Every structure is written in C-alpha cells, then in structure tokens.
Amino acid sequence: MEVDITTSVWTDCLDIIKQHVDEQNFNTWFKPIEPVRTEGDVLTIQVPSQFFYEWLEENYVPVLKKAVRQVLGEHGRLEYSVVVDSGNLQNPPVLVNYPNGNGVKKNQPTQENTRGEYSPFAYKALDPRTVNSRLNPNYSFDNFVEGDCNRLARSAGVAVAKKPGTTSFNPLMLYGGVGVGKTHLVQAIGNEIKKNMPEKVVLYVDQNDFTNQFLNALQNLKMQEFQNFYLQVDLLILDDVQFLAGREKTQEIFFNIFNQLHQSGKQIIMTSDCAPRDLKGFQERLLSRFKWGLTADLQEPDFETKLAIINKKMQSDGIEIPTDVAEYLAYSVDTNLRDMEGVLNSLLFHATLLKRNIDLDLAKEVLKNIIKEIQSDVSVDYIQKTIADYFKVELEQMKGKLKKREIVIPRQTAMYFCKRYTQLTLALIGENFGGRDHSTVIHALESVEDMMKTDPNFKNSIEELTKKFKSRMSA
Ligand code: ADP
Ligand code: MG
C-alpha cells in the first residue's frame, strides 16, 4: 500500500536525519512532519506552516537532501505540502505545495544562495525609483487641514515622515470613522517620505490589494516572491485593516510580514475604522502588535475645520467661494467629508464647465442632488415632536419664547437637527420657532456644537437622536 511505502520511506529518512540533528531540534522540526506520498523519486511531506517550511529550507536542506537521496536513490527529491490554513469544521485546510531546495525545475528562475543550494524562488531586488507605491500625489500635509479633531494623528504623521522606522510610533495606527481623513493622512506621510528619501521603498496598499495579491500568490505558488517583495519595503501602509477581520490566512501572512519588517526597523502604518481594542475577528497576537507603537484617533471635524477644508479645497482649484456658501456647506454637509468632497466637486463642475456663479442657490441645488439623505421624511414637525418627546418638554413651549434652560436646550437641539436634516434656510428655521431671526438660529447651532464638546451626556443624546433620524430616512 502506498501509505505504507511512504511511511517507511520517511521513517528511514528520519533515522538518517537523527544522526545529524540533536534531539531537541529533531523533536521540534522533524517530529511534526507528516509524510504524504511517494511518487517515483519524489517524497512529499506535510509541514504545519509557511514559517516551518522556511525554517527547514533555511537550516536543514543539506541533511534533508542527504536523507532523501540515501533512501530514494540519487534522483530522490523532496516536496513540501505546507498547511497555510488549518481550516475548521466548515472549511477544509488550505495546502500549498513547494519543491524543496533540490526540486528545482529547469526552466524555473533560480538563484544560488549562500549555501550553494538552489532556491526555486528568484529574489528580485526592488528599485525604489520604479516601484509603484500606489500613492495619490494629491494627498499632502500641505492640503491636510489641522484641527482639534486630528492634531495628535497629524503630528504623529509628521514625526513618522521625518524619521520613518526610528520613532517609537511604530507601528502608527490611525483610526476613526468614514471620511475623517485617514487615507489622506497616511498617503501624505508616504508622499513626504518618497519626496525626501527617494532611496526608500514606500508601499501603500489597502486590505483589498493585500488580500488579492496574497490569494493570487497562493494560487500561483508565488508565496516566496510575495513575501520577498513585502520584506523589501521600507514604509508599509496598510489602509483599512478592519477588513482583514476573520481572514485567518491573510492575517497570518500579514503577521509574518509585520514581524519581520518591525524587527528590521521598517516603518508600518495602519488605519482602521475603530480602535484596535474594538476590532473583532482578529488574532489576539496581531492585535497586541497593533498597539506596540502609537495609536491615534481622528474625529469628525468641527465647524471651523470643515470651513477651512472647504476653503482650502476650493482655493487649490482656483475658485473663490463666498463665505455664506462655505458656511452653509459646513453646516449642512454633516454626513462626512467624503460627501463634502462630492458636493465641492459638483460645485466646481457647475462653476467651471457650466460657468455658473457659486452662490447659495447653486449650493442648495447641488446639495439636494448629491446628498439624497437630506431630502427626507424628516420634516421640521417631526424633528420638533421627536425632540420635545426626547427631552420630555411641552412641544408648544419648546417652539415658544420661554428662556428657561430646560426649554432652551431642547429648542436649540431641535434647531440644530432642522439645519442638519431639512433644506430650510436659517431664517426659515427661525420662523418655525416662534418667529426668531437667523442669528438666533446660528447662535443655537454654535451652542449645540459647544455643548457636544464639553458635555459627554449631551453628545450622547445627539448621537442617539441622530440614529433615530437616520433610521427614519433609510426606512
Ligand atoms: P477616510 O480614509 O478616513 O475615510 P479620507 O482620507 O478618504 O477619509 O478623506 C475623505 C475626504 O476628505 C478626502 O477628500 C480628504 O482629502 C478630505 N479630508 C479629510 N480630512 C481632511 C483634512 N483634515 N484636510 C483636508 N482634507 C481632508
Ligand atoms: Mg480611507
């Protein structure tokens, strides 16, 4: 029976190996190996991991070769079956096959290594000038507006860009919600390093690129090339790591690359949509490494920062935007900065191609088309009722003139949500609250923003209410 032959071939090999390897190493590196099959001159053995395979190739090629040749004859060869993912009840294990150092096929690229053995995997040195860093040159520190919401993250980014790999900010882990500027910031770091240190290999990948490259390498037996490539990178930026959740194999390989890069003083930067402690579906050892360096969060920009971002963007495109339009947008586009980007681009389009003046009317028109969310079932009435309910005050009092704090706060909150979720102008919102003028409404919006900064309970309330309104809109 085949299995018996295979087992006895391997047992014979082990006897020979034992004579050359001390007991402890024998137990560590050879005991766990399982013989799989013999086909002609080729013995295939299964090893538990990629790392294991590499270790054998690195350290035991001569003894393995000797053993296999003694047992199978001078043309004896060894192949590995590497367990890349041990699988679980639902998923079968994933295996990858490699020839060992002996098993080079004639037309495969080869390179002699220091031991004089042949490795089947060509080691291609990367040229930092020609490597595609996948960076978008439009993202720089210059056009990244600083605000309270991103100060720590930005400073850490600047520090890393000056001295990649040598600060204690390694890895640098940036996290925050959608559109807070994570991608912009990490790309700015990459661009800065590329500019000032052209000898460095910089690579930006999002988890999608990384996973695809990995799976591709896996299928085409190019794992070694894949790893070789990544291990030559001086600055590795992995965007949106949260998507690696539950991808065991990809995490494993990233873990490997991470460790080796980190050990050799290379800089690693990652982003995620939540704090490392809240990441689900990650191996604990990977999570703990995410926290080795610096973790910094980016928050939603406040009104001033949004204004500055709007102005900067329009300036860089050579467009003057009137203050009232900028303010209107800063207040109204409250979903995220990515939507803001869409609104601004559309404004630019109207202004440059359709030669229209950028004014409030145009801004409103554009907004209406882009942020569909905003034209919604959330009416002034609905907002007023919901808020009065929430704060347990009389609806009529809330809409009236009474200046008691218990009433003023709900009133201001209601105005704030009217601004966010309806198309009404400030003046019209004032109308709906007992005929107040637009400056009262502005004051209300500012108070709400201030309270959100200083009073966590109030901020919570706003978040709860936001969820409520949003769920109505998507319903
Ligand atoms: P994230 O990756 O966090 O989802 P992005 O980096 O893609 O967010 O940012 C969304 C948009 O907002 C981009 O166009 C980006 O240039 C812009 N942006 C975000 N933060 C800033 C900032 N502080 N200054 C200038 N632009 C910003
Ligand atoms: Mg991003």
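Residues numbered from 1 in each chain as written. Chains lettered and ligands numbered in written order. Predicted model: local features only at pLDDT ≥ 70, side-chain atom pairs only at ≥ 80, totals over all residues. Heavy atoms only, no water.

Asks: What is the right way to look at the layout of surface pockets in this model?
Replies: Rolled over the atoms, a probe sized like a water molecule indicates the empty space that remains. Here the largest pocket defines a volume of roughly 1200 Å³. The wall of the largest pocket is formed by 40 residues, among which Glu300, Pro301, Met452, Lys459 and Glu463 lie closest to the centre. At the level of elements, helix H11 (303-316), helix H12 (323-332), helix H17 (405-421), helix H19 (438-454) and helix H20 (456-474) are the ones that each hand at least two residues to the lining of the largest pocket. No other element matches H20, which puts six residues into the lining of the largest pocket. Grouping the constituent residues of the lining of the largest pocket by class yields 16 nonpolar, seven polar and 17 charged. Approximately 760 Å³ is the volume attributed to the second largest pocket. Forming the walls of the second largest pocket are 27 residues, and the residues nearest its centre are Tyr139, Asn143, His184, Ile309 and Glu341. Broken down by secondary-structure element, the contributors of at least two residues to the lining of the second largest pocket are helix H6 (182-196), H11 and helix H13 (337-352). Each residue belonging to the lining of the second largest pocket can be placed in one class, and the counts come to ten nonpolar, eleven polar and six charged. No fewer than three residues from each of domain 2 (151-297) and domain 3 (303-366) sit in the lining of the second largest pocket. (1 Å grid on protein atoms, 1.4 Å probe; cavity = no way out; pocket = protein on both sides within 12 Å on 5 of 7 lines; lining within 4 Å. Points joined across faces, edges and corners; volume = space filled by probe spheres on them. Helix = DSSP H or I, 4+ residues; strand = E, 2+ residues; numbered from the N terminus. Nonpolar A, V, L, I, M, F, W, Y, C, P; charged D, E, K, R; others polar. Domains from an automatic or database assignment.)

Asks: Would you mind showing me how to read helix H4 (residues 61-72) here?
Replies: What sets the pattern is the α-helix's 3.6 residues per turn: residues three or four places apart point alike. Here H4 contains twelve residues, and its C-alpha end-to-end distance of 16 Å stays within 8% of the 16 Å for a straight helix at 1.5 Å per residue. Of the residues flanking the end of H4, it is Gly73, one or two places downstream, whose phi is positive at about 95°. (Expected span 1.5 Å × (residues − 1).)

Asks: Whenever I open this one, the confidence of the model for the protein chain confuses me. Can you help?
Replies: Caution is warranted with low-pLDDT regions, since their predicted coordinates should not be read in detail. Per-residue confidence for the protein chain gives a mean pLDDT of 85, with 88% of residues at or over 70. Segment residues 102-122 is flagged for pLDDT under 50; beyond a separation of four residues in sequence, or across chains, it makes 36 contacts in the model. (pLDDT = per-residue confidence, 0-100. Contact = heavy atoms within 4.5 Å.)

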